[in-house]
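# A look at the structure
Given next are the chains, with one letter for each unit.
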Amino acid sequence: MAASPAYGEEKGGSSSLGEPEYGHDPASGGIFSSDYKRHDDLKEMLDSNKDSLKLEAMKRIVAMIARGKNASDLFPAVVKNVACKNIEVKKLVYVYLVRYAEEQQDLALLSISTFQRGLKDPNQLIRASALRVLSSIRVPIIVPIMMLAIKEAASDMSPYVRKTAAHAIPKLYSLDSDQKDQLIEVIEKLLADKTTLVAGSVVMAFEEVCPERIDLIHKNYRKLCNLLIDVEEWGQVVIINMLTRYARTQFLSPNQNESLLEESTEKAFYGSEEEDTKDAKAEAASLAKRKPYVMDPDHRLLLRNTKPLLQSRNAAVVMAVAQLYFHLAPKAEVGVIAKALVRLLRSHSEVQYVVLQNVATMSIKRRGMFEPYLKSFYIRSTDPTQIKILKLEVLTNLANETNISTILREFQTYIRSMDKDFVAATIQAIGRCATNIGKVRDTCLNGLVQLLSNRDELVVAESVVVIKKLLQMQPAQHSEIIKHMAKLTDNIQVPMARASILWLIGEYCEHVPKIAPDVLRKMAKSFTNEEDIVKLQVINLAAKLYLTNSKQSKLLTQYVLNLAKYDQNYDIRDRARFIRQLIVPTEKSGALNKYAKKLFLAQKPAPILESSFKDRDHFQLGSLSHLLNAKAVGYQELPNWPDEAPDPSVRNVEVPEWTKCTSREKRKEKVEKPFYSDSEGESGPTESADSEPESSSEESGSSSSSGSSSSSSEEEEEEGSGEQSEEKEEEEKRTKRKEKEGSRKAALGSVASEEEEGARKAKKKVSQGKKSHTETSSEEATASESSSSGSDSGSEGDAKQKKVPLSSRAGPKEISLLDLDDFTPPPPQPVPSSNIISTSLVTDLEGLTLTDTSLAPTLLSPAFGTVRTYELLHRMAGEGLSVEYCFSRRPFPGDPHMVAVQIQISNNTDTEVKSLRVSEPKLLSGMRIQEFPEIECLAPSDTASVVMGIDFCDSTQAANFQLCTHTRHFYVSIQPPVGELMAPVFMSENEFKKEQGKLMGMSEIMEKLTLSEKCRSDHAIVQQVTSAANVGRVPCGADNEYRFAAKTVTSGSLVLVTLERRQGAAAQLTVNSEKMVIGTMLVKDIVQALAQ
């Protein structure tokens, strides 16, 4: 790294630039230090005119920040370089600003206009960095600016910028929670993003801002499940945790019937026959009420798509999947997580600690799944103490009658350890094993008694405490052990152990009547020197002996109570007074005195030794709250399973029909449905295209029969639906058609003849699958109509009744094309530069339009440009099949938000090519594609021309798909120039100025240029601009100014272009558009076209 010499310089070395030596030791501070000269050389480098020096300075500054040094005093010098044109310097400046913008808010605010300009930079990294800095300035006054920036970035073509927008949402929410509603709208938009880069970040924003809005997840649930495998690791963790909570609210518990079945089997096993017959009816009724559980397909989708992540290299991802399975999966399937969690035990101790905490909780309820991996929880001498104790916890949970002997042998080894805390925990574990497994209780007790002779006092003390708990279960059988423990009072000094022995002797003093008074005597001697916990047990022992053996212990008891009466601890003083009044009868004694023996010597239940992890499972596994066993800030409770499953249809997403029908079989199935079927009405692309019955029936017919022959009954029905209206309008349309043909022949003569010739070739072999295309491509129809307008009008019925070559379909084609009341007339086919429409022709054409308004420049502007053809598939790569495409600049009839792409397919082989179609489109977020109808057969040396629609979502990203034949699949992609993402708009000069006034500031891009020699005339300038972009000419009063207008095809955002000529060849180009990225790219393209 170029910053490597900076480390030496920073530590006091002198650089080649004459940096003064000064100490960095904290002790060298004070008035004699050279702090006033700190970073002077860096400031000089940042103020220089050389980008190389600025870059070197920024690298050194970022290196200082990385090492934890304070570089805040350089803020003014750094912030001046935020407008630097060098991208590398700008990136580092933004890194610095993100770190210090919150501390130096006033200075950062001064540069806010620069950050705003950075939001429309062509470089995605700069746009993202600018948004990151903007969201780091924690000043409420700029909340509206941040909101606008986030909304704009959420629609950015770069997924990295959209990801940054998702990161900025929680920052803005913490600054101003009143913006929640607007932020939820942005979150909803980003949740629909299909990019894996964005998914994790937007779910994190969702969790921070509106975790209660489960309804936002419904439509995106399946997409998130399918994307999960490709999301980055930390995004996977966030999404899995969110989906766990979602699934708990939307699906039924997979184990809901098991508890009922277990109860019924237990009753049947242990109950008598009479009880069985009595309860049979009740059980049958309760089982009948419970329907057999069938897992929701979406529930299964989540489990299936998360399972492969158990092999992730990231421990957090594995842990997240494990908790998901534990909380959501059927009991029979939870076992798959055990192996993955055991694998994590080979990781760092920090990871082991978290995993073992969760395994300890899981092993209480699901012991069986970890039993095969028992040896993985054996303790190593190198393990830290907290890991050892957690492994002990797991081993104790897994202990049962079959493996207890192995585990106890293991525990015997652990007791010899030098780690005293670990030994104490082992003794407690032995006690728990003895409590839980009755057959080894005596063995464990004898082993613990042997430990009483251990040299280590802590081991003995812990053993005493555990033995005390075990003896409570069978005190009568173990009086010898109590005697043995009484002898230990002279040696054991640990307060808890002494208190446990005294409690045992007092509780079971009837079993050791000779020893108990002597122990009290010894304790009375050392009473004043004992710990408080021991003193309290001495008082209890005295009271119990007074009640059972008052002859021997009366004086001792009075002595002990007198000592306690004057003790420094008020708890002991209060206990002594209370017990004296209770056990020693006096005149003032109340009725309680009669019940003193029952109070002190009542039967006490044996303590239950339970795991400390028993009640932790109400916290979500893997969460901080589970780790701490306390509710952490921001923790969201895991919802309970619903009693009845919510409506699963909320997760259904309406998929456009053309994306559903990816195979020929599916298309054929669709044809067999009724014409106005419900399914087609819900998902078909034609429903919203036209509300008129005639046009909708024709378009629906074409889409439902694409790629296969439809039944004759359906076709007759289709014909009948629009027959009457067609007959009425037939004559009127013929007259209009003739006028239109006559006026356009002058302008489109050459193109028409070429298209007619190409169409004739294609018509021979392309079957009914071509019908949809011929209805939509209006200019081809116009060209072919010139030769067949008279003869084809009568063959309309025949074309619909049977499957015929394309040439006989001119009848219905003419009707659908000339029914222009339903949509705006399309612009003509762009022609070569030699066929420029003259101004006199424009005036002639204006009188011949088929609409009421005058002819808009929208129709004329494409004619000035040339049709640029792009290669989609070379004949070598396509094995004889060559494909070219061009942007026809006509409205796409199926969807006005799609760009029409004309594709020409040539068969250069000697054999027929069958079943030409589009398959498996792989599109970025928001993009859509409408495939061209399947071409069933293309003869050798024939060419077919089809039109497909692509919604590029106002982006120049490529649309990738497969072009398939009956034998091969070719991967191809169509990438649009920015100028083809828009459609011309007609507006007056005043309207243009008014709209331009609204799009100033950040939405305006200016660029100076020098016109090339061939672009000096008005005609040449207009031609070059309209060839570079699909824009319409706007009238302009000034001679030296050219104005053009268009709107983006997808969002309808205005794009206004102004070219102002200056002296000589100089000119200034201005583009105004809300879409700053499109504006920036358009400026580059137009400048390139004019400067060539």
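All values derive from a computational prediction rather than experimental measurement.

Turning next to the overall build of the chain. Helix and strand content of the chain: 48 helices and 15 strands. Here the chain holds 1092 residues, and the buried ones make up 53% of them. Here the analysis covers contacts within the chain between residues at least 6 apart in sequence; of these, 69% occur between residues at least 24 apart. Accessible surface computed for the chain: about 52100 Å², of which carbon and sulfur atoms make up 50%.

The residue Ile187 is located in helix H11 (residues 180-191) in this model. Distance from Ile187 to Phe206, taken between C-alpha atoms, is 6.6 Å for residues 19 residues apart in sequence. With residues up to four places along the chain from it excluded, the contact list for Ile187 reads Ile169, Val202, Ala205, Phe206, Val209 and Cys210.

Turning our eyes to something else, we now look at the confidence of the model for the chain. Counting all residues, the mean pLDDT for the chain is 75, and 73% of those residues have values of 70 or more. Overall, residues 658-729 carries pLDDT values under 50, and its contacts beyond four positions in sequence, including any with other chains, amount to 108 contacts. In this model residues 738-865 is a low-confidence stretch, pLDDT under 50, and it forms 219 contacts with partners more than four residues away in sequence or in other chains.

Turning next to unusual backbone geometry. Phi is positive for Asn629, which is not a glycine, with a value near 60°. Mapped onto the elements, Asn629 comes out in the loop between helix H34 (624-628) and helix H35 (657-660). With a relative accessible area of 36%, Asn629 lands in the partly exposed category. For Ser915, which is not glycine, the phi torsion reads 55° and is therefore positive. Its place among the elements puts Ser915 in strand S4 (residues 913-922).

This part covers the sheet that holds strand S5 (residues 928-930). The strands that make up a sheet pair up through hydrogen bonds in the backbone, lying either parallel or antiparallel. The strand order across the open sheet built from five strands is S1-S2-S3-S7-S5, with neighbouring strands paired in antiparallel fashion. The two strands at the open ends of the sheet, each matched to only one other strand, are strand S1 (870-873) and S5. Recorded for the sheet is a direction-independent mean angle of 35° between the axes of neighbouring strands. Alignment of S5 against strand S7 (residues 943-951), held across three bridges, turns out to be antiparallel. Within S7, the position partnered with Ile929 by the bridge is Ile950.

Before going further, it helps to spend a moment on the packing of aromatic side chains. Counting across every chain of the model gives 11 aromatic pairs. Judged by centre distance (5.1 Å) and plane angle (25°), the rings of Tyr221 and Tyr246 are stacked. One end of the pair, Tyr221, is in helix H14 (residues 221-227); the other, Tyr246, is in helix H15 (residues 233-250), with 25 residues separating them in the sequence. Tyr221 sits in the buried class, given a relative accessible area of 0%. Tyr246 sits in the buried class, given a relative accessible area of 0%. Residues Tyr414 and Phe422 carry aromatic rings whose centres are separated by 5.4 Å and whose planes lie at 45° to one another, so their mutual orientation is tilted. Tyr414 gets classed as buried once you look at its relative accessible area, which sits at 5%.

Cut-offs and rules
Residues numbered from 1 in each chain as written. Predicted model: local features only at pLDDT ≥ 70, side-chain atom pairs only at ≥ 80, totals over all residues. Heavy atoms only, no water. Helix = DSSP H or I, 4+ residues; strand = E, 2+ residues; numbered from the N terminus. Buried < 20%, exposed > 50% of the residue type's maximum accessible area, 1.4 Å probe, protein only. Contact = heavy atoms within 4.5 Å. Areas by Shrake-Rupley, 256 points an atom, 1.4 Å probe, with all protein chains shown as cover. pLDDT = per-residue confidence, 0-100. Pairing = 2+ DSSP bridges. Axes fitted to C-alpha atoms, helices over the stretch in contact; angles between N-to-C directions. Phe/Tyr/Trp six-rings, centres within 6.5 Å; stacked < 30°, edge-to-face > 60°.

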